[in-house]
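Below, each chain spelled out in residue letters.
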Amino acid sequence: MTPPHTGRELSLKVLEMLSDWGIENNVFSITLDNASANDSMQRFLKEHLELINSLLFKGNLFHIRCCAHILNLIVQDGLKVVSDALYKIRQSVAYVKVTESRRLQFHECVSNVGEIETTIGLRSDCVTRWNSTFIMLKSAINYRRAFYSLSLRDSNFKCCPSSEEWARSEIMSDLLKLFYNITNLIFGSSYPPSNLYFEEIWRIECLLNSI
């Protein structure tokens, strides 16, 4: 669609498509993320459809917000609580992985402290994708004693998280695990996930209320 991408113009484009498809009298709801242009678009679109009295349930269930976007906003707010610890863990992982000599030194620390599950490799994350941050946290927590050991042996390694920061990160990792599993379930592409939506969102609400 060519600019402008205002709510009014978007609504007219969607209305045109609904008319072309012949379904303008059968619209139940529209699912959108939380962009401001989308909020205004659905309002204009709803007003147009109300003029021809085509909305089911009088449009009471017309605008449905995107579950994926809401989950992402919840997680991003949660990650802000442990932002300092998360930054140190991210920097620690980057410090170890930046050169081969540091990797070897870290492997020595892993061997020295013992009883670390080495099949779980040390993972980096993409800061804009919280699911990759969960995987990074999970792997880094597994190696936290090795990071402690490295901080004692390497004077240049100054970003090792404190015991309290590791503890906060472990709590956040446990919370993210539920969001990660639910997101993978809801986003299943080989089956319709609509029947799973309510129960999984209810699980998240119960979890947040219990904190």
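Right above here is the structure, for reference.
Residues numbered from 1 in each chain as written. Predicted model: local features only at pLDDT ≥ 70, side-chain atom pairs only at ≥ 80, totals over all residues. Heavy atoms only, no water.

Trainee: Give a detailed account of the nonpolar core, specifying residues and quantitative values.
Mentor: In terms of nonpolar packing, the biggest core is built from 36 residues, with Phe106, Phe147 and Leu176 touching the most fellow members. Among the secondary structure elements, those contributing two or more residues to this core are α3 (67–81), α4 (83–97), α5 (100–113), α6 (130–142), α7 (144–153), α8 (163–186) and α9 (194–210). With residues near it in sequence (within four places) discarded, Phe147 still touches Ser92, Val93, Val96, Phe106, Leu122, Ala140, Phe157, Cys160 and Trp166. Counting 10 residues, the second largest nonpolar core, distinct from the first, contains Leu10, Val27, Leu55 and Phe62. (Core = buried A, V, L, I, M, F, W, Y, C linked by side-chain atoms within 4.5 Å. Buried < 20%, exposed > 50% of the residue type's maximum accessible area, 1.4 Å probe, protein only. Helix = DSSP H or I, 4+ residues; strand = E, 2+ residues; numbered from the N terminus. Contact = heavy atoms within 4.5 Å.)

Trainee: I'd like a description of the environment of Leu49, backed by residues and values.
Mentor: Structurally, Leu49 is set in helix α2 (residues 36–51). We classify Leu49 as buried; its relative accessible area is 0%. Sequence spacing of Leu49 and Leu15 is 34 residues, and the spatial spacing of their C-alpha atoms is 8.4 Å. In contact with Leu49, other than residues within four places in its own chain, are Leu15, Glu24, Val27, Ser54, Leu55 and Phe62.

Trainee: Outline the environment of Glu170, listing residues and values.
Mentor: Among the secondary structure elements, Glu170 is positioned in helix α8. Using a relative accessible area of 31% as the deciding quantity, one classes Glu170 as partly exposed. The sequence separation of Glu170 and Ser155 amounts to 15 residues, and the corresponding C-alpha distance is 26 Å. Filtering out sequence-adjacent residues up to four positions away, Glu170 remains in contact with Ile141 and Arg144.

Trainee: Break down the pattern of salt bridges for me, citing the residues and quoting the values.
Mentor: In total, this model carries 8 salt bridges according to the counting rule given. The shortest N-O distance in the salt bridge between Asp39 and Arg65 comes to 3.2 Å. Pair noted here: Asp39 is in helix α2 and Arg65 is in strand β2 (residues 63–65), with a separation of 26 residues, a long-range link. Across the salt bridge formed by Asp125 and Arg90, the nearest N and O atoms sit 2.9 Å from each other. Here Asp125 is found in the loop between α5 and α6, whereas its partner Arg90 is found in helix α4, with 35 residues between them in sequence. (Salt bridge = Lys/Arg side-chain N within 4 Å of Asp/Glu carboxyl O.)

Trainee: Now, about a nonpolar patch on the surface: what can you tell me, with residues and values included?
Mentor: A grouping of Phe28, Leu56, Phe57, Leu61 and Ile64 is seen on the molecular surface, where their side chains present a nonpolar patch of about 470 Å² in accessible area. If you trace the backbone, Phe28 turns up in the loop between α1 (7–21) and β1 (30–32). (Patch = residues over 30% accessible without salt bridge, like charges linked within 9 Å, V, L, I, M, F, W, Y side chains within 5 Å. Areas by Shrake-Rupley, 256 points an atom, 1.4 Å probe, with all protein chains shown as cover.)

Trainee: Can you break down α1 residue by residue, with the values?
Mentor: Taking 1.5 Å per residue, 15 residues should reach 21 Å; α1 reaches 21 Å between its end C-alpha atoms and fits that length. Listing the buried residues of α1 in full gives Gly7, Leu10, Ser11 and Leu18. Buried positions in α1, seen along its axis, are confined to an arc of 100° and lie on one side of it. Positive phi appears at Gly22, one or two residues downstream of α1, with a value of about 70°. (Expected span 1.5 Å × (residues − 1). Arc of directions from axis to C-beta.)

Such coordinate-based values are descriptive only and should not be taken to indicate function.
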